[in-house]
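Topology and contacts: notes
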Amino acid sequence: MRPQPLDVQPNGLDKPLASITALRALMAFASKTLAIADMEVRKLRHDPTELATRAIQPVLWLLIFGQVMSRGHAIDTAGMPYLDFLTPGILAQSVLFIAIFNGISIIWERDLGIVHKFLASPTPRAALVMGKALGGGVRALVQAVVVMALGLALGVSVRCDATAIVGLIVFVVLGAAVFSSFSLIIACLVKTRERFMGVGQTASDHAVVLRKQCHLSDDDDAAFSAAHLPHEPPHVPG
Amino acid sequence: MMPRSLQLISHMNPLTYQVDALRIILLPQFPANQQFGLPMDFLVLAGALVVLVAISARLYPHIAQ
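Computed from a predicted model, the values in this text were never measured in an experiment.

Between helix α7 (residues 162-190) of chain A and helix α3 (residues 38-59) of chain B, whose axes approach to 9 Å, the crossing angle comes to 30°. Taken together, the axes of α7 of chain A and α3 of chain B lie roughly parallel to each other. The interaxial crossing formed by α7 of chain A with α3 of chain B has left-handed handedness. Across the interface between the two elements, V170, F171, L174, A177, V178, S181, F182, L184, I185, C188 and L189 of chain A of α7 of chain A pack against L38, D41, F42, L45, A46, A48, L49, L52, V53, I55, S56 and L59 of chain B of α3 of chain B. The residue makeup of the contact of α7 of chain A with α3 of chain B, split by class, is 20 nonpolar, 2 polar and 1 charged.

As structure tokens, this is what we get:
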């Protein structure tokens, strides 16, 4: 038998730097996360119907609510048309809805036995969660593109330069990741589809209603401050 | 303008920061009356993400029980 070289030296001289070990661990984590996210995107490519059906709601809001409010001039927002002010809110709302129902996929995966396989693998749980969160981010980006396209078609003056696009992508993915993780927590706690749909719907409705309540109060604030500034007065139909 | 209790709850809702950030990014005239500013929005959302990922990673095996 030939003498084998030792993998680990007795005095630890061959250990790499702590920073390199940390970097390698981070890259391993990132690649596992991306593998899970890739799985999510493939599921999406298989059946993109959900994207179309979930896109209807923000489209309706923009078309109906936006047109009605801006015609009525009920709320004026610091010189901007109401539709402009509404579009990012609708975008955020569509990101929320797409992400909050993302968690139901692990209930399906549990029924198919896939969750058990992933839990038995050495993948860190955080990578499983982040992968799902990134998958939710991709779906939300598709929704965001639809909402932006519709907004531009309706004549909303949103910024379209490169920094705005990059910022949009960052915040849409980040927000979707936050709400996807939240929905995973809900799914892990309630465990059945029926309970999940109930809780998820309630949570998103609360978040949106709260946001709309504050948004209307923001409009009051904005109109109030606009009225005190020495530039154009609020538009009065007449 | 808003009741204090509602304002507190809205400051704990990540959607508030998400909407504020999107408005700052997308509307050229908005940054004058922004609510929190882009760095604060990013920090809050990133912090919320870290906390929620930690909790859900902890809870993940629950789904299989």
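Residue and element names in this part refer to chain A. In total, this model carries 10 salt bridges over all chains according to the counting rule given. Residue K43 pairs with E40 through a salt bridge whose shortest N-O separation is 3.4 Å. With K43 and E40 both in helix α1 (residues 18-46), this residue pair falls 3 residues apart, about one helical turn. Residue K43 is classed as partly exposed on the basis of its relative accessible area, which comes to 34%. E50 is paired through a salt bridge with R139; the nearest N and O atoms lie 2.5 Å apart. Of this pair, E50 sits in helix α2 (residues 49-72) while R139 sits in helix α6 (residues 125-153), and the two are 89 residues apart along the sequence.

On the surface, a nonpolar cluster with roughly 440 Å² of combined accessible area is contributed by I56, L60, L63, I64 and V68 of chain A. By secondary structure assignment, the location of L60 of chain A is in helix α2.

Taken residue by residue, the interface counts 59 residues in chain A and 42 residues in chain B. Contact between chain A and chain B buries roughly 4600 Å² in total, counting both sides, with carbon and sulfur atoms accounting for 77%. Counting across the chain A and chain B interface gives 0 salt bridges. At the surface where chain A touches chain B, the tally comes to 4 residue pairs in polar contact (both at pLDDT 80 or more). Elements that contribute at least two residues to the side of chain A that touches chain B include exactly α3 (82-100), α4 (104-112), α5 (114-120), α6, α7 and α8 (193-228) of chain A. With 18 residues, the top contributor of residues to the side of chain A that touches chain B is α7 of chain A. Broken down by class, the residue content of the side of chain A that touches chain B amounts to 39 nonpolar, 9 polar and 11 charged.

Another point: the nonpolar core. Ranked by internal contacts, the top residues of the largest apolar core, which has 70 residues, are L91, V172 and F196 of chain A. Per-element tally for this core: the top contributor is α7 of chain A, with 15 residues. Non-local contacts of L91 of chain A, meaning those with residues more than four positions away in its chain, are made with A144, V147, M148, L168 and V172 of chain A together with L22 and L26 of chain B.

We now examine the packing of aromatic side chains. Given two aromatic rings, one states the distance between the centres and the angle between the planes to describe the pair. Summed over all chains, the structure comprises 2 aromatic pairs over all chains. Ring geometry for F171 of chain A and F42 of chain B: centres 6.0 Å apart, planes at 85°, overall edge-to-face. Within this pair, whereas F171 of chain A is found in helix α7, its partner F42 of chain B is found in helix α3, the two belonging to separate chains. In this structure F171 of chain A comes out as buried when scored by relative accessible area, which is 5%. Directly above the aromatic system of W108 of chain A lies the positively charged group of R193 of chain A, at a separation of 4.0 Å from the ring centroid. Above the face of the F85 of chain A ring, R23 of chain B is positioned so that its terminal group lies 4.0 Å from the ring centre.

The backbone phi angle of K191 of chain A is positive, close to 65°, even though this residue is not glycine. Positionally, K191 of chain A belongs in the loop between α7 and α8.

Residue and element names in this part refer to chain B. Across chain B, the average pLDDT comes to 88, with 97% of residues at or above 70. Within chain B, the lowest mean pLDDT, 84, falls on helix α1 (residues 4-12), and the highest, 95, falls on α3. Reported confidences for the modelled complex are a pTM of 0.82 and an ipTM of 0.92.

Parameters and conventions
Residues numbered from 1 in each chain as written. Chains lettered and ligands numbered in written order. Predicted model: local features only at pLDDT ≥ 70, side-chain atom pairs only at ≥ 80, totals over all residues. Heavy atoms only, no water. Axes fitted to C-alpha atoms, helices over the stretch in contact; angles between N-to-C directions. Helix = DSSP H or I, 4+ residues; strand = E, 2+ residues; numbered from the N terminus. Parallel < 35°, antiparallel > 145°, perpendicular 65-115°, else oblique. Left-handed = near helix turned anticlockwise from the far one by under 90°. Contact = heavy atoms within 4.5 Å. Nonpolar A, V, L, I, M, F, W, Y, C, P; charged D, E, K, R; others polar. Salt bridge = Lys/Arg side-chain N within 4 Å of Asp/Glu carboxyl O. Buried < 20%, exposed > 50% of the residue type's maximum accessible area, 1.4 Å probe, protein only. Patch = residues over 30% accessible without salt bridge, like charges linked within 9 Å, V, L, I, M, F, W, Y side chains within 5 Å. Areas by Shrake-Rupley, 256 points an atom, 1.4 Å probe, with all protein chains shown as cover. Buried area = accessible area lost by both parts, 1.4 Å probe. Polar contact = N/O pair within 3.5 Å; in protein donor to acceptor, adjacent residues only side chain to side chain. Core = buried A, V, L, I, M, F, W, Y, C linked by side-chain atoms within 4.5 Å. Phe/Tyr/Trp six-rings, centres within 6.5 Å; stacked < 30°, edge-to-face > 60°. Lys NZ or Arg CZ within 6 Å of the ring centre and 35° of its normal. pLDDT = per-residue confidence, 0-100.

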